[in-house]
Amino acid sequence: MPSSSSRASRLAASSPLNPSRRDTRQLYPLDREGSSGSSSGHDSPRIRNSSAQSMQRESSQQTLDATSLGVLTGAVGGSFGPFPRSSTYSNYGASGGPFNRRDSMASSDVAIDVAGDRVYLPTSRYSTASNDSYAYADGGRDTPPYLKNGAVGTVDESLLWDKSKPEPDDYLHNPDPAVEKMLDKQWNAWSIRGIFNVGLWPIYRYVILGGFPSGANGNLGFNIGGINGSGQVPNTGLPTLVDADTPQSAYTRTGFDGETYNLVFSDEFNTDGRTFWPGDDPWWQAVDLHYWQTKDMEWYDPDAITTKNGKLVITLSEEPNHDLAFRSGMLQSWNKFCFTGGYIEISMSMPGTPHAQGFWPGAWTMGNLGRAGYGGTNDGMWPYSYDACDVGTLPNQTFPNGTTPTAAKTSGSVDYGGELSWLGGQRVSACTCPGEDHPGPNVGVGRGAPEIDINEAQVDYRGIGSASQSIQMAPMDAGYLWKNTTPYIQIWNESRTFQNVWQGAVYQESMSVVTLTDTTSYNGNGYTTFGYEYDPGPSGRITWAMNASQTWQLNADAMGPNADTMISQRLISMEPMSININLAISDAFQTPAWASLTFPAQLHVDYVRVYQKGTPNVGCDPASHPTSDYINRHLDTYDNPNITTWLQNTNNTWPKNSLSATGCD
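These figures come from a predicted structure and were not determined experimentally.

Some remarks on the state of the cysteines
Right, so step 1: Per the counting criterion, the structure on display carries three disulfides.
Right, so step 2: Each sulfur of the disulfide joining Cys 338 and Cys 620 lies 2.0 Å from the other. Between Cys 338 and Cys 620 the disulfide shows an S-S torsion of about 90°. By sign, it is right-handed. Of this pair, Cys 338 sits in the loop between strand E20 (330–332) and strand E21 (342–349) while Cys 620 sits in the loop between strand E33 (601–612) and helix H6 (628–633), and the two are 282 residues apart along the sequence.
Right, so step 3: With relative accessibility at 9%, the residue Cys 620 sits in the buried group.
Right, so step 4: Here Cys 389 is linked by a disulfide to Cys 431, with a sulfur-sulfur distance of 2.0 Å. Looking down the S-S bond of the Cys 389 and Cys 431 bridge, the torsion is 125°, so its handedness is right-handed.

Take a look at the structure:
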């Protein structure tokens, strides 16, 4: 899947509070500082304190200020902790509550009407002064509420702390230096247990017993008895990289290289009804845009993606959307989850049938410095995987004279006048001049956004499904003729797997192989797994797989130096790779057989799993290839799909290249 208007998060309203029901809601009046019973401006609210309308103070009661009132009721801070759900204030009508909350974490259903200076609270037992009157939302009058448990309005003085009534734990909050000093002297690091834990226990466990204890989940135990070694990890409610629904049998796998790979990320999609608008999910976000780069006929809408019956479901429907005829979805882990090296596997069920071509489901990865669908970010990034300073970094793969090397002008497709590349050059290359805008770790490291495709499904002419598994690359070999023979590549079953005749064009070189699949993995009735395992770097390799069996392998030396175009070794991606899953329709892939296509069509995904060997290398901002600071410096481009080239944003500059006509001057 070559890569080159956001909507605010929707609010699921809680049950509206109804101020007209006197038997269930009481009203507490507020006023604004410096006003006379009317609201104006944005001043802080306070409780009315006029002599005529003040609450009669009883011996066991006192008036709360507005801040205390809000804290006690949960109206202040109740929905805005360190991990808030969305909450918004809004005006209301006769039948609506003062505000709606989306899955609010507040423990109270007290509500504040900002415009009307009112507080609504649930009915309880009230003690009130007899000569105060307060207005309801419907204009009625009544007395102010007093909640006996001290939740709002006034509070029982017996609940307040007093020196004459000490609590048993008061000493914890009033330390005595003399006592603390005495207690410190009683501490002894050299207890018998301490000596055993630090000195003798490791020898006993590791030397005598041959290893440290391990629980069912592989969690090391500590201290005598292997404390916390049972895998009983506290459930904090926070998202974790490995889905708790992933079966234990899938926690490890033996790689195609014979090494042990451990699960570092998984999503089983077992929770139904998930949504993927910005901020909805910790690992995924759906885009809201037209994917013009491949001339798609659909608009990608986050509402086209959900989870149902334990599966991720992307629906392609025939309905007008943004002047396009179709609506579908693209899900991304961009800048949320990335991995460098390892094995990724996705279980998929295709849309349509194996006899009708036209749907374009895809699962693919791309370097985090580019964002699929956001053209400005990909300009000069995609699909470079290059760390040399030579002509391969320059526009059109030619020197400043524009005529050499000859292969760059003559070995390309006749459809483009023989020109090999129309790319604008590697924006952040190893030729970047000192002091120029570069993501790091220094200007001498070539960076990019390479693409590795897990599966782009299509229909074979024999009436069976097929999968294109490929890598897109720049700079390019003369004539796009990469080394596609043994020992540079390996194909395991040549009766079902064969090289793609298309090897590239002016925007990419493509190393692509197609494997026949089956006729049953469609519409959620059957599933096939697709994946690739890779070692990054100039000596690395990529091994693609289907149903956990190897289909083909590309070694890095298949993309070695090319004398004709005067370029150097291309790399098996060393960038942190993000994941993309989408369902498209476009003439650019397979011409749709309209009479045979049925809408709506759905792509089903059972799971996504990522494994790595050795020390895990997950995250979108690794020290060797950082991305975070660079993305944050250019966030307006990374968040705006309408910026289609890097320099369209006037805040951006194209870094100087030492090999350009002007060099570093």
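The rest of the description comes next.
Here's the deal with the packing of aromatic side chains
Right, so step 1: All told, the structure shown has 20 aromatic pairs when counted by the stated rule.
Right, so step 2: Each ring, one from Phe 265 and one from Trp 284, has its centre 6.3 Å from the other, and the planes form 65°; the classification is edge-to-face. With Phe 265 in strand E13 (residues 260–267) and Trp 284 in the loop between E13 and strand E14 (285–286), the pair connects residues that are 19 residues apart, well separated along the chain.
Right, so step 3: Between Phe 359 and Phe 599, the ring centres sit 5.6 Å apart and the planes meet at 85°, which makes this aromatic pair edge-to-face. Within this pair, whereas Phe 359 is found in strand E22 (residues 359–367), its partner Phe 599 is found in the loop between strand E32 (577–585) and E33, the two being separated by 240 residues in sequence.

A word on a nonpolar patch on the surface
Right, so step 1: Together, Tyr 416, Trp 422 and Tyr 507 make up an exposed nonpolar region whose accessible area comes to about 300 Å².
Right, so step 2: Residue position: Trp 422 is located in the loop between helix H5 (407–410) and strand E23 (451–460).

Description of the confidence of the model for the protein
Right, so step 1: Residues of the protein with pLDDT of at least 70 account for 65%, and the chain-wide mean is 79.
Right, so step 2: Counted against residues more than four places away or in other chains, residues 2–62, with its pLDDT under 50, gives 175 contacts.
Right, so step 3: Within the model, pLDDT remains below 50 along residues 214–233, and this stretch shows 31 contacts once partners closer than five positions in the same chain are excluded.

Some words on the sheet that holds strand E19 (residues 326–328)
Right, so step 1: Pairing is mixed in the open sheet, where three strands are placed in the order E15-E16-E19. Looking at which strands have only one partner, the edges of the open sheet turn out to be strand E15 (289–290) and E19.
Right, so step 2: By the bridge criterion, three bridges tie strand E16 (residues 298–300) to E19 in an arrangement that is parallel. Looking at E19, one finds that Glu 298 is bridged to Phe 326.

Looking at the side chain of Thr 529
Right, so step 1: Inspection of the secondary structure assignment puts Thr 529 in strand E29 (residues 528–535).
Right, so step 2: If we skip the residues at most four places from it in the chain, Thr 529 touches Glu 345, Ile 346, Ser 347, Ala 545, Met 546, Asn 547, Ala 548 and Tyr 607.

Focus: unusual backbone geometry
Right, so step 1: The step from Thr 404 to Pro 405 runs through a cis peptide bond, and the omega angle for that step is 0°.
Right, so step 2: Cis geometry marks the peptide bond from Gly 440 to Pro 441; its omega dihedral reads 5°.
Right, so step 3: Among the structural elements, Pro 441 can be located in the loop between H5 and E23.
Right, so step 4: A positive phi angle, near 55°, is found at His 322, a position not held by glycine.
Right, so step 5: Structurally, His 322 can be placed in the loop between strand E18 (311–316) and E19.
Right, so step 6: Judged by relative accessible area, His 322 falls into the partly exposed class, the value being 45%.
Right, so step 7: Here the phi dihedral of Ala 548 falls at roughly 65°; this positive angle occurs in a residue that is not glycine.
Right, so step 8: Along the chain, the position of Ala 548 falls in the loop between strand E30 (541–546) and strand E31 (549–555).
Right, so step 9: Its relative accessible area of 48% is what places Ala 548 among the partly exposed residues.

Here we look at the pairing of strand E17 (residues 305–308)
Right, so step 1: Alternating positions in E17 separate cleanly, Ile 305 and Thr 307 being buried on one face and Thr 306 and Lys 308 remaining unburied on the opposite face.
Right, so step 2: Bridge count for E17 against E18 is four bridges, and the pairing is antiparallel. Bridge pairing in E18 places Lys 308 opposite Lys 311.
Right, so step 3: Linking E17 back to E18 in an antiparallel pair, the connection comprises two residues, with Asn 309 at a positive phi of about 55°.

Comments concerning the pairing of E29
Right, so step 1: In terms of burial, E29 is a largely internal element, seven of the eight residues being buried.
Right, so step 2: Inspection of the sheet shows E21 paired to E29 by seven bridges, in the antiparallel sense. Counterpart to Ile 344 in the pairing with E29 is Tyr 532.
Right, so step 3: Count of turn residues in the E29/E30 antiparallel hairpin: five residues, of which Gly 537 carries a positive phi of about 115°.

Observations concerning the environment of Arg 371
Right, so step 1: One can find Arg 371 in the loop between E22 and helix H4 (375–378).
Right, so step 2: In this structure the C-alpha to C-alpha distance between Arg 371 and Ala 449, which are 78 residues apart in sequence, comes to 8.5 Å.

Observations concerning the pattern of salt bridges
Close approach of charged atoms allows side chains with opposite charge to pair.
Right, so step 1: In this structure the tally under the stated criterion is 21 salt bridges.
Right, so step 2: Note that Arg 274 and Asp 281 form a salt bridge whose closest N and O atoms lie 2.8 Å from each other. For the pair shown, Arg 274 and Asp 281 are each scored as buried.
Right, so step 3: The residue Lys 311 makes a salt bridge to Asp 606 at a minimum N-O spacing of 3.7 Å.

What about the side chain of Arg 327?
Right, so step 1: Within the secondary structure, Arg 327 sits in strand E19.
Right, so step 2: For Arg 327, a relative accessible area of 18% gives the class buried.
Right, so step 3: Within the local environment of Arg 327, its side chain forms a polar contact with the side chain of Asp 301, the two groups lying 3.3 Å apart.
Right, so step 4: With residues near it in sequence (within four places) discarded, Arg 327 still touches Glu 298, Trp 299, Asp 301, Asp 303, Ala 304, Thr 315, Leu 316, Ser 317, Glu 319 and Asn 321.

Considerations on the nonpolar core
Right, so step 1: Among the nonpolar cores identified, the biggest contains 58 residues, and Trp 284, Phe 339, Tyr 532, Trp 552, Leu 554, Ile 581 and Val 608 are the most heavily contacted of them.
Right, so step 2: Each residue touching Trp 552, except ones within four places of it in the same chain, is listed here: Gln 469, Trp 482, Ile 489, Gln 490, Ile 491, Trp 492, Met 511, Val 513, Ile 542, Thr 543 and Trp 544.
Right, so step 3: Membership of the second largest hydrophobic core comes to 21 residues, among which are Val 287, Met 366, Met 381 and Tyr 630.

Conventions we followed
- Residues numbered from 1 in each chain as written.
- Predicted model: local features only at pLDDT ≥ 70, side-chain atom pairs only at ≥ 80, totals over all residues.
- Heavy atoms only, no water.
- Disulfide = S-S within 2.5 Å.
- Helix = DSSP H or I, 4+ residues; strand = E, 2+ residues; numbered from the N terminus.
- Buried < 20%, exposed > 50% of the residue type's maximum accessible area, 1.4 Å probe, protein only.
- Phe/Tyr/Trp six-rings, centres within 6.5 Å; stacked < 30°, edge-to-face > 60°.
- Patch = residues over 30% accessible without salt bridge, like charges linked within 9 Å, V, L, I, M, F, W, Y side chains within 5 Å.
- Areas by Shrake-Rupley, 256 points an atom, 1.4 Å probe, with all protein chains shown as cover.
- Salt bridge = Lys/Arg side-chain N within 4 Å of Asp/Glu carboxyl O.
- pLDDT = per-residue confidence, 0-100.
- Contact = heavy atoms within 4.5 Å.
- Pairing = 2+ DSSP bridges.
- Polar contact = N/O pair within 3.5 Å; in protein donor to acceptor, adjacent residues only side chain to side chain.
- Core = buried A, V, L, I, M, F, W, Y, C linked by side-chain atoms within 4.5 Å.

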